[in-house]
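Each chain is listed here by its residues.
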Amino acid sequence: MFPQLPSLLPYQTQLCLLIIILSYRTSTLPSNLLTDCDEVYNYYEPLHFVLYGYGLQTWEYAEEYALRTYAYLMPAAGVVKAVTVVLQPLVKLSILPAHLLSKPSLFNLVRLFLSWSAGYAEWRFVLSAYHHIDPTVGLLTFLFLTPSAGMFHAAPAFLPSSVALTLTMLSSSLHLSSEYIGAIFYGMLAVVCLGWPFVAVLYTPLGLHSLYASYNNRHAKSSSQRLLATSLTLFIAIFFLAFLSFVVFVVDYVYYEKATIPSLNIFLYNAVGSTPGDEETGTATGDELYGVEPLSYYLKNLALNFNLVAVLSALYPIFKTITYLTQRKKSLPVDLIIVAPLFLWALIVFPRPHKEERFLFPIYHLIAFSAAILLNDVTSFLRKLKVPSIITKLLLFSAVASTTLISRFRINALSSNYSAPLKLYTKLHDSILLSDSTSSVCVAGEWHRFTSHFFLPLNSRLEFVQSGFKGQLPQHFTEGGSAVTSPQKFNAINQEEVERYVDISSCDYFVDLTLPTSSYESLLKSDERNGQWNMIEYERYLDAERTEGLSRVINVPGVVEGGIFEKYALFVFEESD
């Protein structure tokens, strides 16, 4: 399939590849989704609080629990503030349009920053695979990773697991280049600064190999020199750990106004304090409070996000084991060291009862990388058997074409079926701006699809109306933020707090999905004010429960499309004359 690839890509070609990746990441942003309410309530809302002084606070940011680090928010906050400082004078002089500094635009700026960061890391990782493993492996890694449905929503996600993916790609690329100090730095950055310490598992094999490589440094002529090189690497790692921990500690001290280590708190909550129990009686603790899933949940997600690539990745350890035993190599191949975190992560994450798609984000690049290695090794083996080259080329073409097309069809489905919330809240933002009035926007059962206060003007707030959901909802940050004990109580066992709710009669706008099972009509009719609720905008949203077949998971124009759609609707209360 591929022509003879040069062993070293010219600089112009490398730059062209970077432009292709960044352009693709940028082009997919308008059709991308917010797939996880945790992204909104635990990251975008606190970011909004940091920038504007208000937002919704989850119990994880409460002073008494302190499970989230504010340090994770600082790069995004810095980007928003820097761009605002640069563009504001130009907007005031009418050189640039004012909407460039609107809150939805700044929201998109954060996503662009995350997407480009991931794109840059993809580029570095692909080039390292190309130059230090095999040119075909590098090219296949690019073709398997960049167009994948998994990277489509992982790259712009404002989640620690997504940023962990970016940092792990950077660390792995430097490790492949034998730049171990840089690899260690990115590893420490991921472990310390994301507030998600579990990613340390990913760096254990790479860290141990870095020490091993330092000891076996070809420049070291004696045992004492080897020990010195190893000790120096270990010292640098400890320095990175201490320095980054100090920075994170200072940031959290400023926002919590007390000495606390959120990474330790969240580790204790999830790993030590997690005891299975009954949610309804409130005896469960830890992440299992938020749902448990069978192993098939992850298998389905991998099939949807990587299709054939996931299958090839799963076969990688089998093929490598057979190859290693038959060839009787004395040392482990470098690609096995890079891929080892994939299977170590799977062994730890897969058995846990609480499963979420985002928990797999940090290993997405390794899925593509291991699949690329397997396919390259298989075609090399076939060539040794003197299989006609047309067969191996057809195999490569079929693998790349099928996985790319299926990923495209999956992305089509995600965009056409589930993009309504972002579209509708953008319209809501513009509608409130035109009305120039203080507004209360309310949600009931659709609380989990709120797109953040970045889509509400400064004079508007989100409120919750009681629905069938019986868990704990966020509340508004007080002026003191996480530094003060909230006047409304939080709990760590996901028990409903009724103080969070307002009456429908205090709402100006209402957002809901008009499913047949929804109670939105009776809720709106219960408003005793003199007036009525009218639907003013809607976007179509797939009713997955009533849609059968492939229409739920892929969209092939003219072949597999359609499904049963309902209205993701915006209502406004209009008073009677």
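Residues numbered from 1 in each chain as written. Predicted model: local features only at pLDDT ≥ 70, side-chain atom pairs only at ≥ 80, totals over all residues. Heavy atoms only, no water.

1. A look at the overall build of the chain
Looking only at helices and strands, the chain has 18 helices and 7 strands in total. The C-alpha radius of gyration computed for the chain amounts to 26 Å, which stays within 12% of the reference 25 Å derived for 577 residues, consistent with globular compactness. A principal-axis box enclosing the C-alpha atoms of the chain has dimensions of 85 × 60 × 60 Å. Across the 577 residues of the chain, 52% fall into the buried class. Residue pairs at least 24 apart in sequence account for 76% of intrachain contacts in the chain once pairs closer than 6 positions are excluded. (Helix = DSSP H or I, 4+ residues; strand = E, 2+ residues; numbered from the N terminus. Rg over C-alpha atoms; globule rule 2.2 N^0.38 Å. Buried < 20%, exposed > 50% of the residue type's maximum accessible area, 1.4 Å probe, protein only. Contact = heavy atoms within 4.5 Å.)

2. As for the pattern of salt bridges
As enumerated under the stated definition, the model contains 15 salt bridges in all. Of the charged contacts, one joins glutamate 539 and lysine 427 as a salt bridge, the two residues approaching to 2.6 Å between their closest N and O atoms. Here lysine 427 lies in helix 17 (residues 420-435) and glutamate 539 lies in strand 6 (residues 531-542), a separation of 112 residues in the sequence. The class for glutamate 539 is buried, based on a relative accessible area of 16%. Lysine 427 sits in the partly exposed class, given a relative accessible area of 31%. With a closest N to O distance of 2.7 Å, glutamate 446 and arginine 449 form a salt bridge. Here the salt bridges do not stand alone but share partners, grouping Asp36, Asp38, Glu60, Arg68, Glu356 and Arg358 into one network. (Salt bridge = Lys/Arg side-chain N within 4 Å of Asp/Glu carboxyl O.)

3. Digging into the UniProt feature "transmembrane region" (unreviewed entry) in the chain
Here the UniProt-annotated "transmembrane region" (unreviewed entry) positions come out as residues 180-206, 227-256, 302-319, 331-350, 362-382 and 394-411. A helix fraction of 100% and a strand fraction of 0% characterise residues 227-256, whose end C-alpha atoms lie 42 Å from each other. The straight-line gap between the two end C-alpha atoms of residues 302-319 is 20 Å; of that span, 94% is helix and 0% is strand. (UniProt positions renumbered as here; feature names shortened; annotations may be inferred.)

4. What to know about the sheet that holds strand 7 (residues 565-575)
Strand order in the open sheet made by the 5 strands is 3-2-5-7-6, with mixed pairing throughout. A strand with exactly one partner marks an edge of an open sheet, and here the two such strands are strand 3 (460-464) and strand 6. Pairwise comparison of adjacent strand axes, ignoring direction, gives a mean angle of 20° for this sheet. In the sheet, strand 6 pairs with strand 7 via 11 bridges, with the strands oriented antiparallel. Looking at strand 7, one finds that tyrosine 541 is bridged to glutamate 566. (Pairing = 2+ DSSP bridges. Axes fitted to C-alpha atoms, helices over the stretch in contact; angles between N-to-C directions.)

5. A few points about unusual backbone geometry
Here the phi dihedral of alanine 66 falls at roughly 50°; this positive angle occurs in a residue that is not glycine. By the secondary structure assignment, alanine 66 is in the loop between strand 1 (56-57) and helix 3 (74-92). Taking relative accessible area as the criterion, alanine 66 reaches 1% and is therefore assigned buried.

6. As for helix 10 (residues 223-256)
Here helix 10 spans 48 Å end to end across 34 residues, near enough to the 50 Å set by a 1.5 Å rise per residue. Burial in helix 10 covers these residues: Ala229, Thr230, Thr233, Ile236, Ala237, Phe240, Leu244, Val248, Val251, Asp252 and Tyr256. Once helix 10 ends, the next one or two residues include glutamate 257, with phi positive near 55°. (Expected span 1.5 Å × (residues − 1).)

7. Comments concerning the confidence of the model for the chain
This prediction gives the chain a mean pLDDT of 92; 95% of its residues lie at or above 70. Ranking the elements of the chain by mean pLDDT puts helix 11 (residues 262-272) last with 88 and helix 4 (residues 103-132) first with 98. Every residue in residues 274-283 is under pLDDT 50, and counting partners more than four places away or in other chains gives 20 contacts. (pLDDT = per-residue confidence, 0-100.)

8. Some thoughts on the pairing of strand 3
Burial analysis of strand 3 places 4 of its 5 residues in the buried class, the great majority of the element. Of the strand pairs in this sheet, strand 2 (residues 439-443) and strand 3 are connected by 5 bridges, and their pairing is parallel. Note that in strand 3 the partner of serine 439 across the bridge is serine 460.

9. Some remarks on the environment of serine 313
In this fold, serine 313 is placed in helix 13 (residues 308-327). Note on serine 313: relative accessible area 4%, which makes it buried. Measuring from C-alpha to C-alpha, the distance between serine 313 and valine 339 comes to 9.8 Å, with 26 residues separating the pair along the chain. The contact partners of serine 313, leaving out residues within four places of it in the chain, are Leu342, Phe343, Leu366, Ile367, Ser370 and Ala371. A distance of 2.7 Å separates a polar atom in the side chain of serine 313 from a polar atom in the side chain of serine 370. (Polar contact = N/O pair within 3.5 Å; in protein donor to acceptor, adjacent residues only side chain to side chain.)

10. Remarks on the environment of leucine 289
If you trace the backbone, leucine 289 turns up in the loop between helix 11 and helix 12 (296-306). Considered as a pair, leucine 289 and glycine 471 are 182 residues apart in the sequence and their alpha carbons are 9.5 Å apart.

11. Remarks on the side chain of serine 172
Inspection of the secondary structure assignment puts serine 172 in helix 7 (residues 160-176). Dropping the residues within four chain positions of it, serine 172 is found in contact with Phe125, Leu206, Ile338 and His365.

12. Remarks on the packing of aromatic side chains
This model, assessed by the stated rule, comprises 41 aromatic pairs. Arranged with centres 6.2 Å apart and planes meeting at 50°, the rings of phenylalanine 107 and phenylalanine 454 form a pair that is tilted. Linking phenylalanine 107 in helix 4 with phenylalanine 454 in the loop between strand 2 and strand 3, this pair joins segments that are 347 residues apart in sequence. Grouped by ring-pair contacts, the aromatic residues Tyr43, Tyr44, Tyr52, Tyr72, Phe107, Phe158, Phe454 and Phe455 constitute a single cluster. Across from the ring centre of tyrosine 52, 5.2 Å away, lies the NZ or CZ of lysine 103, which sits over that ring. Its end group placed over the ring of tyrosine 538, lysine 567 keeps NZ or CZ at 4.7 Å from the ring centre. (Phe/Tyr/Trp six-rings, centres within 6.5 Å; stacked < 30°, edge-to-face > 60°. Lys NZ or Arg CZ within 6 Å of the ring centre and 35° of its normal.)

13. Description of the packing of helix 13 against helix 14 (residues 334-349)
For the pair helix 13 and helix 14, the least separation of the axes is 11 Å and the interaxial angle reads 130°. Accordingly, the angle class assigned to the pair helix 13 and helix 14 is oblique. Handedness of the crossing formed by helix 13 with helix 14: left-handed. In this structure, helix 13 uses Ser313, Tyr316, Pro317 and Lys320 to contact helix 14, whose residues at the interface are Asp335, Leu336, Val339, Leu342 and Phe343. (Parallel < 35°, antiparallel > 145°, perpendicular 65-115°, else oblique. Left-handed = near helix turned anticlockwise from the far one by under 90°.)

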